[in-house]
Amino acid sequence: MIRGLRLPHGTLQLPAFLPDGTQGVVRTLDARDLEDVHIQAVQMNAFHLMQRPGSSTIQALGGLHQMAGWQRPIFTDSGGFQIYSLLRQNAKSGSISDRGATFRPDGSDRKFNLTPEKSVQLQLSYGSDVVICLDDCTHVDDPLAEQEKSVARTVQWAARCKAEFEKIVTQRELGEGERPSLIAVVQGGAEPSLRRHCAEQLLEIGFDGYGYGGWPLDANGNLLTEMLAYTRELIPDKFTLHALGVGHPANVVLSARMGYNIFDSTMPTRDARHGRLMIFTIDPRNDRLDEAGDFFRYIYVKDKKHVKASLPLSEFCDCLTCTRYSLGYLHHLYTLNDVLYQRLATLHNLRFMTQLMANLRQEITKQDADLPD
């Protein structure tokens, strides 16, 4: 099992959680804030970046690292899931063919074209450390014929992504330490045979790592544990496996114990801005995380019972929010709708996630120590 991932802008200790800075920013925070809460890497999105601020602007500003003032690794998602979501909400907003995707986002008068080749070109021009192949995403409940088409297209696109990636890397004469990684996404919905076929085809093409494709939850919001576990079994342990979109703490713990080692989600930061904060009910430095999710609970900061709460959010947290401010003050900032609330809340939720990952890494280290020589 991989414990660290070496990338051009640093080495990730695994497992790792990546906040989504979709459009080049983790909302309300700057690069130093992210460093202070022990974030190792962020994930951005080519689908959104190509629209705003636009590829020419990103290049004029020196690439994503220079633009965002972030000198640690950046993963860039291709936008396959976002295209799927856009078209699922409004079929008239675009179309997907074997060549690629054409779409017009809501409120835009411009039509965009995204092919596997263009996705790789964009991500490499942005200076990404980890490039994710364009995939054809489906809903887990889509009919078998749609899932089969998705797998065939995802494999075909992945092959084209790799060919373009290798061409550009060769042209740039990138050495081992300068070369980004390329990740392919395993699709197949809830059909084991399709997941296996997709994984086998992608492994034959050969990539640096892999990701679980498609929405990882069922219609009731429950983690698709059997399919996630099965997909992990299909990918050899020598490769990283990214649980794309998995961010609920209990789901992260379950997936990490299956062998997933990279996670990303908008949930912790979005929840923070909307007044839902996460705190540990156990000491994350020493205690084991139970799989039922009882190791944490939510605090809803707008509740009136917090008006005069003089203690910090969490006794176990060392973030700026918990070391300097009370829960009652956060409640006050929230009711004022002051931007300081959003920053302090986001700092705390991300520190919760990095404490969670540190606990899981410590658990793995203990397991390794207990293995016979």
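Residues numbered from 1 in each chain as written. Predicted model: local features only at pLDDT ≥ 70, side-chain atom pairs only at ≥ 80, totals over all residues. Heavy atoms only, no water.

Trainee: Tell me about the side chain of N349, and name the residues and values.
Mentor: Here N349 lies in helix α14 (residues 339–370). Every residue in contact with N349, bar those within four places of it in the chain, is listed here: P268, D271, A272, R276, L277 and M278. (Helix = DSSP H or I, 4+ residues; strand = E, 2+ residues; numbered from the N terminus. Contact = heavy atoms within 4.5 Å.)

Trainee: Can you tell me about the packing of aromatic side chains, naming the residues and giving the values?
Mentor: Per the counting criterion, the structure on display carries 14 aromatic pairs. Relative to Y84, the ring of F81 lies with its centre 5.5 Å away and its plane at 50°, an arrangement referred to as tilted. Residue F81 and its partner Y84 are located together in helix α5 (residues 80–89), separated by 3 residues, close to a single helical turn. With a centroid separation of 5.3 Å and 85° between ring planes, the pair formed by Y210 and F239 is classed as edge-to-face. Of this pair, Y210 sits in strand β11 (residues 209–212) while F239 is found in the loop between α9 (225–234) and β12 (240–243), placing the two residues 29 residues apart along the sequence. Each member of the pair, Y210 as well as F239, is classed as buried. (Phe/Tyr/Trp six-rings, centres within 6.5 Å; stacked < 30°, edge-to-face > 60°. Buried < 20%, exposed > 50% of the residue type's maximum accessible area, 1.4 Å probe, protein only.)

Trainee: Outline the pairing of strand β13 (residues 262–265), listing residues and values.
Mentor: Residues I262 and D264 of β13 are buried on one face, and the alternating residues F263 and S265, pointing to the opposite face, are buried as well. Bridge count between strand β3 (residues 16–19) and β13: 4 bridges; the pairing is parallel. Within β13, the residue paired with L18 across the bridge is D264. Bridge analysis of β12 against β13 gives 2 bridges, and the strand direction is parallel. The partner of H242 across the bridge, within β13, is I262. Of the crossover connections in this fold, the one passing from β12 over helix α10 (residues 249–258) to the parallel β13 is right-handed. (Pairing = 2+ DSSP bridges. Right-handed = clockwise from strand over helix to strand, strands pointing away.)

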